[in-house]
Each structure stands twice: as C-alpha cells, then as structure tokens.
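# Topology and contacts: notes
Below, each chain spelled out in residue letters.
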Amino acid sequence: MQIGVIGLGRMGGNISRRLMRAGHHCVVFDADAKPREALAKEGATAVPSLEDVVKALADRPRAVWVMLPAGRITEETVERLGGLLEPDDIIIDGGNSFYKDDIRRAKTLAKARIRYVDCGTSGGVWGIERGYCMMIGGPKEAVDHLDPIFAALAPGLGGISRTPGRANGDPRAERGYIHAGPSGSGHFVKMVHNGIEYGLMQAYAEGFDILSNKDSEDLPDDERFVLNMPDIAEVWRRGSVISSWLLDLSAAALAKDPQLQNFSGFVDDSGEGRWTVEAAIEEAVPADVLSAALFARFRSRQHHTFGEKMLSAMRFGFGGHIEGSAPIGPEPKTKKSQGRAAPQNAAE
C-alpha cells in the first residue's frame, strides 16, 4: 500500500521504516532535508513539499499520515492538505492532538468529503522493533481501508498470553490496535493512556525515592540502610506484581548510572496529562493519582529529587526525551488555529 508520511522525527521516521519493512511504499516529507535523504536511501520516495507528497501518491484514495507535534504545525498542515487532497482521500493524524480538535477538523474536512482519522500512537523510539500500540478514531470505512497500514505498525500477538474470555472479541485489540470509535475517540483514549502513564511513573519514582533516602541522617543509626537501587529494580522485574516495561527501563537506567547523575530531575509534561485532568473535571470523575502526578512534574522544575531523576530516566528510556528541551505546557490558541498544543517531545 502507498502512503504519505509528513514529519520524520523520532517516530515519523521509524514509522516509515517499519512500513517499508512490511512492503508498503512511503512518500515522505520533512522540512529538514536530512531525514528525507536518509529515508530515500532506504527506499522511500522523498519529496520537497506537501504538494509533491500529494502529486506522488498514485493510489486512490490517497492516504497521508501526519506525525508532527500537536498544535499549530499540525493544524496548519492538516488545513493545507485539506486544500490539496480530493474527495475520499484520508488524512491520519498520528501525533498527540487534543481530541476536541480532531472532532472539529473531521467536521471541516467532511465538507470537502475528505476523511479524517485520529490515531493515538504509543511506542516511542522502540516502536520500530516492538511495534506501535494504536488507538484509532474515525469513520469505519476509512479505518478499514487503512487496516494493512495499522497491521504492519502494530506489535502483533507476540509472546503475550491471550486473555481468557476474549475468544469473541475484536482480534485487532490483541494484535495491538483498536478502532475506538468516531472522530476524536482515538486521541481521547491515548490521552487517558498518557495520564495513566504519568501516575505509574510517579509511583515508581516515589518508591525509589523512599528507598534511596533510607540512609538519611535524620533516621536512627540502626534504621539506616544503604540499599542497592540497581539490584532492587532488577529483582522486581523477576516475578513481581509490579513488573512492567517502565520498570525494565528503570532497571536499565540504574544499571548504567546508579545515582542517575546524568539526569537533573527536570520533568516536562507533554500536554496529555493536563488534558486528562481537564476531562476528569468535565466528567466529575475523581482523578487523585493522575492529578498529583501532573502536579509533581510542575514541582520538579523547582526542586529535583531522586524520584524526579527516575522520571527523567524513564522518559529518556521510552521516548528519548531530553530534559527541559521543550516549552512547558500547551501553546496558546491563536485566531487562525484553534489547535491545542503539546510540546515538541509529545510522543510519550
């Protein structure tokens, strides 16, 4: 299948590579020529503009995957594509856009009979090998048409045991992707996924912070322990009820740097945590843990604990996120674009 890919950063480039490995043909564009040229050497058709992406796509209906930071750049790119594509063509937003923006965009594009699919994409820098978990929203016929693309990107069954009682369930879910519902639902599910991620990470961070401070001078001598952080992380990976991929990443980070001296503890938030808390408020759903985890990230920018270094280490592990490398919080809306923005490193 032929597909255009716009945005060749950490995830967009690797999404293109995984698709090409599965036999799909990618027409790629990025404002930076270097990633375009690199993918061209690997078999992609690299072009210098959005207009050229559309011209190079011979298959009908055309499909264009936008993998850009949420906010103005995605808003403007989708708007421009809407003016270039034809009825029945499909735009996929695979970034972390705010789900209410998806609903609005889908309605606008529908006037020109262009179909819009929102795809919450999880997998970070490891997705090229592990596969991407995808939560998809949009019209059924468009999602069904794109199934070969989603199937190629998804991790598949792998070595995970099948869940008892799912014999009659949608088989796509256990292969790593779902059609969550109408426009906006894919990014809504991914938004809550990232909110949960904040809570899980914060729980690990606080636990390791307690362990690391057990040798505090404020404690009685016989209650002070010097604990081996790398060994504790490693043993918890083996048969523990709190084992997870996040713990795997933590163990790897601690094995390399037991004091996490390469991390300051400055922890960005990528926007979805804030939006998850906003959704909880709108729905009157208590979200104590998720809210506290978000506020802990705000605090990390003022005072850095060992726990916050753990958060930074985990974020670097799964997404390659560099501390303090992005603006803090969503960018303000403009009159031209209503898009809600997450910072540049939003691919958590």
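Residues numbered from 1 in each chain as written. Predicted model: local features only at pLDDT ≥ 70, side-chain atom pairs only at ≥ 80, totals over all residues. Heavy atoms only, no water.

### Concerning the confidence of the model for the protein chain
- With 93% of its residues at a pLDDT of 70 or more, the protein chain shows a mean pLDDT of 92.
- This model gives residues 326-337 a pLDDT under 50, and the stretch forms 27 contacts once residues within four places in sequence are excluded.
- Note on residues 343-348: pLDDT is under 50 here. Beyond four places in sequence and across chains, it has 37 contacts. (pLDDT = per-residue confidence, 0-100. Contact = heavy atoms within 4.5 Å.)

### Details of the pattern of salt bridges
- One pass over the structure, following the stated rule, counts 24 salt bridges.
- With a closest N to O distance of 3.8 Å, Asp102 and Arg105 form a salt bridge. Placement of both Asp102 and Arg105 in helix H5 (residues 99-110) is noted, with a separation of three residues, approximately one turn of the helix.
- The class of Arg105 is buried, set by a relative accessible area of 3%.
- A single salt-bridge network, built from bridges that share partners, covers Glu75, Asp93, Asp101, Asp102, Arg104 and Arg105. (Salt bridge = Lys/Arg side-chain N within 4 Å of Asp/Glu carboxyl O. Helix = DSSP H or I, 4+ residues; strand = E, 2+ residues; numbered from the N terminus. Buried < 20%, exposed > 50% of the residue type's maximum accessible area, 1.4 Å probe, protein only.)

### Comments concerning the sheet that holds strand S3 (residues 45-46)
- Strand order across the open sheet formed by eight strands is S3-S2-S1-S4-S5-S6-S7-S8, with mixed pairing between neighbours. A single partner strand is all that each edge strand has here, and the edge strands are S3 and strand S8 (177-181).
- Both strand S1 (residues 2-6) and strand S4 (residues 63-66) contribute to a ladder of three bridges, which runs parallel. Following the sheet pairing, Gly4 is matched in S4 by Val64.
- Sitting on the sheet, helix H1 (residues 10-21) touches S1, strand S2 (25-29), S4 and strand S6 (115-122), and the angle it makes with S2 is about 160°. (Pairing = 2+ DSSP bridges. Axes fitted to C-alpha atoms, helices over the stretch in contact; angles between N-to-C directions.)

### Overview of the pairing of strand S7 (residues 133-137)
- Here S7 lies mainly inside the structure; four of its five residues are buried.
- By the bridge criterion, five bridges tie S6 to S7 in an arrangement that is antiparallel. Its bridge partner lying in S7, Asp118 is registered against Gly137.
- Both S7 and S8 contribute to a ladder of four bridges, which runs parallel. Bridging across to S8, Met135 finds its partner in Ile178.

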